[in-house]
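# Coordinates in review
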Amino acid sequence: MTPGTGRDGSPGAPRSVDVARVAGVSQKTVSRVFNDEPYVSADVRRRVLEAAEQLGYRRNNAARALASGRTRSIGVVTLGTALYGPASLLMGVERVVRDTGYALRVVNTMEGDPAGLAGAVDSLLDQGVDGIVISEPIAEEAGEGDLSVRISVPVLVLGAPPPFTASTVLSGGGGADLMARAVVEHLLDLGHQTVHHLAGPQRWYAAKDRLEGWRATLAAHGRDEPRVFEGDWSAASGYSAGQELAADPDVTAVFAANDDMAIGLIRALTEAGRRVPEDVSVVGFDDIPVAAYVTPPLTTVRQPFDTVAQEGLKRLVHAIENPQAEALSANDPPVDLVVRASTQPPPPRRPPGRRRHSASRSRGEASTAPLPKKGPSTHH
């Protein structure tokens, strides 16, 4: 028999009974192998998989859905954007879902549509998905787009607080505050007295987490908290903020909430005659592919998108297939600070009297001068 032919040699899709015949096992054993059931020896599993590959056998998921009451599909709600972070996380989820043997159904939401999340979840539930991944990075106004219907399938929420009630809600993809702490610690360890922050738009959970990590680390070291600049993730917004930061001689270190804004910031500093890193150190966030090739190569935080997707989907599939079992525990994502050439110790301090605020304080010593005036509030 050749791959893609029926039992009698005529064209047709091979069936599990054909796989069993070629592998020399029972049809029940073939089913056990493809359902990842225990008590199947490694040799038998290998023979079944080799026979299936030889015949071009594919499981009949429709029949399995009828028998099990599950569609073997996972729905994903994600923001319709080309931004590096959300797009990379979606790609990671797609790769992992494919490896689990589940089908993937994606529904995009649009920024500024408060009812988008509720509508997307309703659409996936109508399609009978077995579980849902929420990769929705934006906070909507309270009370808008609420999901009042209890969701009966397990839900994995990545990088945001759970927006509704479900039978099982798993969280993952957090830790941006810890990554921001690593950035600020790196710059303070180099000798910078404080670190300025170019934040992302504060409707985004990731931007708020990075802001809070920056703020908490400065407070822990007793350092002044400078004015916060808020961008929109674009290089253009980084360039605009950089023009203002370049005019302040007290600025020696800036943490940008993503790499695109950091790249725009560096251009503005350079055009203003502020050298990076000799005069101002700059750190980004994400480690986009171009970050290693800009001038200077950018120090940044590499986000573990694949790790977040793998761990999250493992926990979600476990919850789908073992509804009575205790949920698998989550691990904090790794912190991977990639140090390149855009950071170094600050330039020598200027003599006293040439700065608006005294720069003679020792590390961690409290200041009697008022804190620099902040810009518009970044709390939401």
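Going by the structure above, here's the rest.
Computed from a predicted model, the values in this text were never measured in an experiment.

### Quick notes on the packing of aromatic side chains
Overall, the coordinates contain three aromatic pairs when judged by the stated rule. Note on tryptophan 204 and tryptophan 233: the rings are 5.7 Å apart at their centroids and 80° apart in plane angle, and the pair reads as edge-to-face. Here tryptophan 233 lies in the loop between β7 (228-230) and α9 (235-246) and tryptophan 204 lies in the loop between β6 (196-199) and α8 (205-220), a separation of 29 residues in the sequence. Classification of tryptophan 204 by relative accessible area gives buried; the value is 4%. A residue is classified by how much of its surface remains accessible, and tryptophan 233, at 7% relative accessible area, is buried. Relative to phenylalanine 285, the ring of phenylalanine 255 has its centre 6.3 Å away and its plane inclined at 40°; by these criteria the two rings are tilted. Taken together, the residues phenylalanine 255 in strand β8 (residues 253-256) and phenylalanine 285 in the loop between β9 (281-283) and β10 (300-301) connect sequence positions 30 residues apart.

### Quick word on empty space enclosed by the protein
Inspection of every chain in the model, using the stated rule, returns two cavities of 30 Å³ or more. Considering only enclosed or pocket space, the largest cavity measures out at about 480 Å³ in volume. As for the largest cavity, its lining consists of 29 residues, of which Gly85, Ala206, Arg210, Gln303 and Phe305 are closest to the centre. Looking at the lining of the largest cavity, the elements with two or more residues in it are α5 (84-100), α7 (176-189), α8 and α11 (305-321).

### Some remarks on the sheet that holds strand β4 (residues 155-158)
Each strand in a sheet pairs with its neighbour through backbone hydrogen bonds, running either in the same direction (parallel) or in the opposite one (antiparallel). Within the open sheet, the five strands sit side by side as β2-β1-β3-β4-β5. Their pairing is parallel. The open sheet has two edge strands, β2 (103-109) and β5 (169-172), and neither has a second partner. On average, each strand axis in the sheet is inclined to that of its neighbour by 20°, with strand direction left out of account. Sheet topology note: the strand β3 (residues 131-135)/β4 ladder contains three bridges and is parallel.

### Considering helix α1 (residues 16-23)
What α1 keeps buried is the set Ser16, Asp18, Val19, Ala20 and Ala23. Buried residues in α1 make contact with α2 (27-34) and α3 (42-55). Immediately beyond the C-terminal end of α1, within one or two residues, lies glycine 24, with a positive phi of roughly 75°.

### Here's the deal with the pairing of β6
Of the two faces of β6, the one carrying His196 and Leu198 and the one carrying His197 and Ala199 are both buried. Looking at chain direction, β6 and β8 are connected through three bridges and run parallel. Looking across to β8, one finds that histidine 197 is bridged to phenylalanine 255. When β6 meets β7, the two strands line up parallel, connected through three bridges. Across the sheet, leucine 198 pairs through a bridge with phenylalanine 229, a residue of β7. One crossover worth recording links β6 to the parallel β7 by way of α8, and it is right-handed.

### Brief notes about the packing of α1 against α3
Running from N to C, α1 and α3 cross one another at 120°; their axes reach a closest spacing of 8 Å. As far as their axial angle goes, α3 and α1 are oblique. Where α1 crosses over α3, the handedness of that crossing is right-handed. Residues Asp18, Val19, Val22 and Ala23 of α1 touch α3, and the partners they reach there are Arg47, Val48, Ala51, Ala52, Gln54 and Leu55. Partitioned by chemical class, the residues of the contact of α1 with α3 number seven nonpolar, one polar and two charged.

Thresholds applied
Residues numbered from 1 in each chain as written. Predicted model: local features only at pLDDT ≥ 70, side-chain atom pairs only at ≥ 80, totals over all residues. Heavy atoms only, no water. Phe/Tyr/Trp six-rings, centres within 6.5 Å; stacked < 30°, edge-to-face > 60°. Helix = DSSP H or I, 4+ residues; strand = E, 2+ residues; numbered from the N terminus. Buried < 20%, exposed > 50% of the residue type's maximum accessible area, 1.4 Å probe, protein only. 1 Å grid on protein atoms, 1.4 Å probe; cavity = no way out; pocket = protein on both sides within 12 Å on 5 of 7 lines; lining within 4 Å. Points joined across faces, edges and corners; volume = space filled by probe spheres on them. Pairing = 2+ DSSP bridges. Axes fitted to C-alpha atoms, helices over the stretch in contact; angles between N-to-C directions. Contact = heavy atoms within 4.5 Å. Right-handed = clockwise from strand over helix to strand, strands pointing away. Parallel < 35°, antiparallel > 145°, perpendicular 65-115°, else oblique. Left-handed = near helix turned anticlockwise from the far one by under 90°. Nonpolar A, V, L, I, M, F, W, Y, C, P; charged D, E, K, R; others polar.

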